[in-house]
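An overview of the molecular structure
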Amino acid sequence: MTIDSNWVSVMTPNYIYVGIAKREDFDRIGLPVSSTGSADKPVLCKTAQDTNGCTVVFQHWYGPTPAERAAAQAVELLRARRKVPA
């Protein structure tokens with residue numbers, strides 16, 4: 001399962017997150033990119049801030065999504081249980 005649509009989350013009136021589903025769309029945003037997250041949950045970010053203090057953070061996840069990681073873990077658990085004698 002992959003994230004196939006964009007989303008927006010308004011954390012406060014001055015702090016907004018925008019999730020960009022497609023890497024091509026994310027790359028079109030003319031801001032410097034930084035990488036955040038961790039090795040198993042990588043996230044690309046681009047941040048814009050206006051003079052009034054409003055911050056917009058554009059994000060794109062790459063690699064396995066949380067749902068894909070959970071599915072892989074479930075499969076590993078099922079395989080491990082089959083190897084254990086009843």
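Note that the structure is predicted; figures quoted are calculated from it, not measured. (Residues numbered from 1 in each chain as written. Predicted model: local features only at pLDDT ≥ 70, side-chain atom pairs only at ≥ 80, totals over all residues. Heavy atoms only, no water.)

**Remarks on the overall build of the chain**
Helices and strands together make up the secondary structure of the chain, namely two helices and five strands. When its helices and strands are written in sequence order, the chain yields β-β-α-β-β-β-α. Residue pairs at least 24 apart in sequence account for 38% of intrachain contacts in the chain once pairs closer than 6 positions are excluded. Just so you have it, the chain exposes about 6400 Å², and 58% of that area is on carbon and sulfur atoms. (Helix = DSSP H or I, 4+ residues; strand = E, 2+ residues; numbered from the N terminus. Contact = heavy atoms within 4.5 Å. Areas by Shrake-Rupley, 256 points an atom, 1.4 Å probe, with all protein chains shown as cover.)

**What to know about the nonpolar core**
By size, the foremost hydrophobic cluster in this structure holds nine residues: Ile16, Val18, Ile20, Phe26, Ile29, Leu44, Cys54, Val56 and Phe58. Mapped by element, the contributors of at least two residues to this core are strand S2 (15–19) and strand S5 (55–61). Beyond its immediate sequence surroundings of up to four residues, cysteine 54 is in contact with Pro13, Asn14, Ile16, Ala48 and Gln49. (Core = buried A, V, L, I, M, F, W, Y, C linked by side-chain atoms within 4.5 Å. Buried < 20%, exposed > 50% of the residue type's maximum accessible area, 1.4 Å probe, protein only.)

**Description of the pattern of salt bridges**
Should the charged atoms of two oppositely charged side chains come close, the side chains can pair. For the structure shown, the criterion picks out two salt bridges. Residue aspartate 27 pairs with arginine 23 through a salt bridge whose shortest N-O separation is 2.9 Å. Here the residue aspartate 27 and the residue arginine 23 both occupy positions in helix H1 (residues 23–27), the gap between them amounting to four residues, near one helical turn. With relative accessibility at 38%, the residue arginine 23 sits in the partly exposed group. Among the salt bridges present, the one from aspartate 25 reaches arginine 28, with a minimum N-O distance of 2.6 Å. (Salt bridge = Lys/Arg side-chain N within 4 Å of Asp/Glu carboxyl O.)

**Focus on the packing of aromatic side chains**
Evaluated as defined, the whole model comprises one aromatic pair. Pairing tyrosine 15 with tyrosine 17 gives two aromatic rings, centres 5.5 Å apart and planes at 65 degrees, and the pair type is edge-to-face. Judged by relative accessible area, tyrosine 17 falls into the partly exposed class, the value being 23%. Over the ring of phenylalanine 26 we find lysine 46, and its NZ or CZ is 4.9 Å from the ring centre. (Phe/Tyr/Trp six-rings, centres within 6.5 Å; stacked < 30°, edge-to-face > 60°. Lys NZ or Arg CZ within 6 Å of the ring centre and 35° of its normal.)

**So, the sheet that holds S2**
What the five strands build is an open sheet, ordered S1-S2-S5-S4-S3; its pairing is mixed. Strand pairing shows two members of the sheet lacking a second neighbour, strand S1 (7–12) and strand S3 (34–37), which therefore form its edges. In this sheet, adjacent strand axes meet at a mean angle of 30 degrees when their direction is disregarded. Sheet analysis places strand S4 (residues 42–49) next to S5, joined by seven bridges and oriented antiparallel. (Pairing = 2+ DSSP bridges. Axes fitted to C-alpha atoms, helices over the stretch in contact; angles between N-to-C directions.)

**Observations regarding the environment of glycine 37**
Along the chain, glycine 37 turns up in strand S3. When the C-alpha atoms of glycine 37 and tryptophan 61 are compared, they prove to be 9.3 Å apart, with 24 residues separating the residues in sequence.

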